[in-house]
Amino acid sequence: MDLRIFTEPQQGATYDTLLTVAKATEDLGFDAFFRSDHYLKMGSVDGLPGPTDAWITLAGLARETKRIRLGTLMTAGTFRLPGVLAIQVAQVDQMSGGRVELGLGAGWFEEEHKAYGIPFPKEKFGRLEEQLAIVTGLWETELGETFDFHGSYYDLTDSPALPKPAQARIPVLIGGHGATRTPSLAARFADEFNMPFASVEDTERQFARVRTAAEEAGRKGDDLVYSNALVVCVGKDDQEVARRAAAIGREVDELKANGLAGTPAEVVDRIGRYAAVGARRLYLQILDLDDLDHLELISSQVQSQTTQD
């Protein structure tokens, strides 16, 4: 099982905090550092000092880390025009030496759009489909050739399709709970399908839908990596689990029901259940970014066991 660190900076984090967590991610042997793409806090936190931009953050981290993969779960399609996004991601990939991955979603949080004057279109899924076609099409266009796209929402004519990423193909992640259109999009465009914050049973059903859609599209079901994003709260004993749960404003029983919570042995067992239904990668949602001891415990007592498995 590949364990990745996933952060939610809109809840309150500076770039320096994110850099500290990213460097700990690298030093402790995790595979990747990912972040959400939001401009407004959620829930009762104060969100101070305010939002940071996902791709500006990753550009900085690209120059200040050496090994870990860097990406988004998920870049909001409503925030950026697809041609501009293709340029941004390709540039950060160059800056990192080819370590970037792009998670792209339709965007859903209307309040943050209102707060920062970002249009929130009614038809988001059709736009996402065109965005995926444009971003991947620009990257795949051969040097010296141009790219054209004429859709319902976007129109590109004689694009030089530059710059090119450092990687031959930047991995594209698509995720979600949708039963029909989401699996279809994943089958067409994704290298990885991510199931966010779902039970083992719901994960198994959605993975099966994506595999079926991939096969119907002429791909093998195993062409995609299958992953989950889950909140994590690990402690050496019950008291430490309770302390960490309280620090993020959650209840232990709820975290155990909906995420990866408990002692290292309990969490390893829970991870095994997701592995049994096809998950090969987990994004561990870390909500207390100041608790680096939490990352060390996960590395030494959870990651070590799942890697051996």
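These numbers come from a predicted model, not from an experiment.

K.L.:
Let's hear about the side chain of Thr-141: which residues, and what values?
P.N.:
With respect to the secondary-structure elements, Thr-141 resides in the loop between helix 5 (125-140) and strand 6 (147-150). On the basis of relative accessible area, Thr-141 is assigned to the buried category, the value being 11%. At 2.7 Å, the side chain of Thr-141 and the backbone oxygen of Gly-137 are in polar contact. In this structure Thr-141 touches Thr-146, Phe-147, Ala-161 and Lys-164, once residues within four positions along its chain are discounted.

K.L.:
So what's going on with the pairing of strand 12 (residues 281-286)? Residues and values would help.
P.N.:
Of all six residues making up strand 12, six are buried, and the element is well covered by its neighbours. By the alternation rule, side chains of strand 12 split into Arg-281, Tyr-283 and Gln-285 and Leu-282, Leu-284 and Ile-286, which are all buried. Bridge analysis of strand 1 (residues 2-7) against strand 12 gives six bridges, and the strand direction is parallel. Bridged to Leu-3 within strand 12 is Leu-282. In this structure, strand 10 (residues 225-234) lies alongside strand 12, joined through five bridges in parallel fashion. By the bridge assignment, Leu-230 is partnered in strand 12 with Leu-284.

K.L.:
Tell me about the packing of helix 3 (residues 82-96) against helix 5, residues and numbers included.
P.N.:
Orientation of helix 3 relative to helix 5, taken along the N-to-C sense of each, is 45 degrees, at an axis distance of 9 Å. In terms of orientation, helix 3 lies oblique with respect to helix 5. With respect to the hand of their crossing, helix 3 and helix 5 are arranged in right-handed fashion. Contacts between helix 3 and helix 5 involve Pro-82, Gly-83, Leu-85, Ala-86, Val-89 and Ala-90 on the former and, on the latter, Gln-131, Ile-134, Val-135, Leu-138 and Trp-139. By residue class, the composition of the contact of helix 3 with helix 5 is nine nonpolar, two polar and no charged.

K.L.:
Any details on the nonpolar core? Residues and values, ideally.
P.N.:
Among the nonpolar cores identified, the biggest contains 76 residues, and Trp-55 and Trp-139 are the most heavily contacted of them. It is helix 5 that contributes the most residues to this core, eight residues altogether. Apart from residues lying up to four places away in sequence, Trp-55 is in contact with Thr-72, Thr-75, Arg-80, Leu-85, Val-89, Val-92, Val-100, Glu-101 and Leu-102. Membership of the second largest hydrophobic core comes to seven residues, among which are Phe-6, Ala-32, Phe-34 and Leu-73.

K.L.:
Lay out the pairing of strand 5 (residues 100-105) in plain terms, naming residues and giving numbers.
P.N.:
Burial analysis of strand 5 places six of its six residues in the buried class, which makes it a mostly covered element. Neither face of strand 5 is exposed, since Val-100, Leu-102 and Leu-104 on one face and Glu-101, Gly-103 and Gly-105 on the opposite face are all buried. As judged from the two bridges shared by strand 3 (residues 69-72) and strand 5, these two strands associate in the parallel manner. Note that in strand 5 the partner of Gly-71 across the bridge is Glu-101. Relative to strand 5, strand 4 (residues 75-76) is paired through two bridges, and the arrangement is parallel. Directly across from Thr-75, in strand 5, lies its bridge partner Leu-104. As for the winding sense of the linkage, the β-α-β connection from strand 4 through helix 3 to strand 5 is right-handed. The pairing of strand 5 with strand 8 (residues 172-175) spans two bridges and is parallel. Looking at the pairing, Leu-102 lines up with Val-172 of strand 8.

K.L.:
Lay out helix 1 (residues 15-27) in plain terms, naming residues and giving numbers.
P.N.:
Given a rise of 1.5 Å per residue, 13 residues ought to cover 18 Å, and the 18 Å separating the end C-alpha atoms of helix 1 matches this to within 8%. Restricting attention to buried positions, one finds in helix 1 the residues Thr-17, Leu-18, Leu-19, Val-21, Ala-22, Ala-24, Thr-25 and Glu-26. Among the residues trailing helix 1, Gly-29 stands out with phi positive, at a value near 90 degrees.

K.L.:
Describe the environment of Ala-217, and please don't skip the residues or the numbers.
P.N.:
You can see Ala-217 is positioned in the loop between helix 7 (200-216) and strand 10. Relative accessible area serves as the criterion here: at 46%, Ala-217 is assigned to the partly exposed category. Separated by 116 residues in the primary sequence, Ala-217 and Glu-101 have C-alpha atoms spaced 23 Å apart.

K.L.:
So what's going on with helix 2 (residues 54-64)? Residues and values would help.
P.N.:
Buried within helix 2 are the following residues: Ala-54, Trp-55, Thr-57, Leu-58, Ala-59, Leu-61 and Ala-62. Residues of helix 2 that are buried in the fold lie against helix 1, strand 2 (32-35), strand 3, strand 4, helix 3 and strand 5. In this structure Asp-53 caps helix 2, since a side-chain oxygen of it lies 3.1 Å from the backbone nitrogen of Trp-55.

K.L.:
Residue-level account of the side chain of Thr-136, with values.
P.N.:
The topology assignment puts Thr-136 in helix 5. There is a polar contact of 2.6 Å between the side chain of Thr-136 and the backbone oxygen of Leu-132. Beyond its immediate stretch of four places on either side in the chain, Thr-136 contacts Val-172 and Phe-189.

K.L.:
I'd like to hear about the environment of Asp-202, residue by residue, with values.
P.N.:
For Asp-202, the location among the structural elements is in helix 7. Residues Asp-202 and Lys-41, spaced 161 residues apart in sequence, show a C-alpha to C-alpha distance of 27 Å.

Each value, and the rule that gives it
Residues numbered from 1 in each chain as written. Predicted model: local features only at pLDDT ≥ 70, side-chain atom pairs only at ≥ 80, totals over all residues. Heavy atoms only, no water. Helix = DSSP H or I, 4+ residues; strand = E, 2+ residues; numbered from the N terminus. Buried < 20%, exposed > 50% of the residue type's maximum accessible area, 1.4 Å probe, protein only. Polar contact = N/O pair within 3.5 Å; in protein donor to acceptor, adjacent residues only side chain to side chain. Contact = heavy atoms within 4.5 Å. Pairing = 2+ DSSP bridges. Axes fitted to C-alpha atoms, helices over the stretch in contact; angles between N-to-C directions. Parallel < 35°, antiparallel > 145°, perpendicular 65-115°, else oblique. Left-handed = near helix turned anticlockwise from the far one by under 90°. Nonpolar A, V, L, I, M, F, W, Y, C, P; charged D, E, K, R; others polar. Core = buried A, V, L, I, M, F, W, Y, C linked by side-chain atoms within 4.5 Å. Right-handed = clockwise from strand over helix to strand, strands pointing away. Expected span 1.5 Å × (residues − 1).

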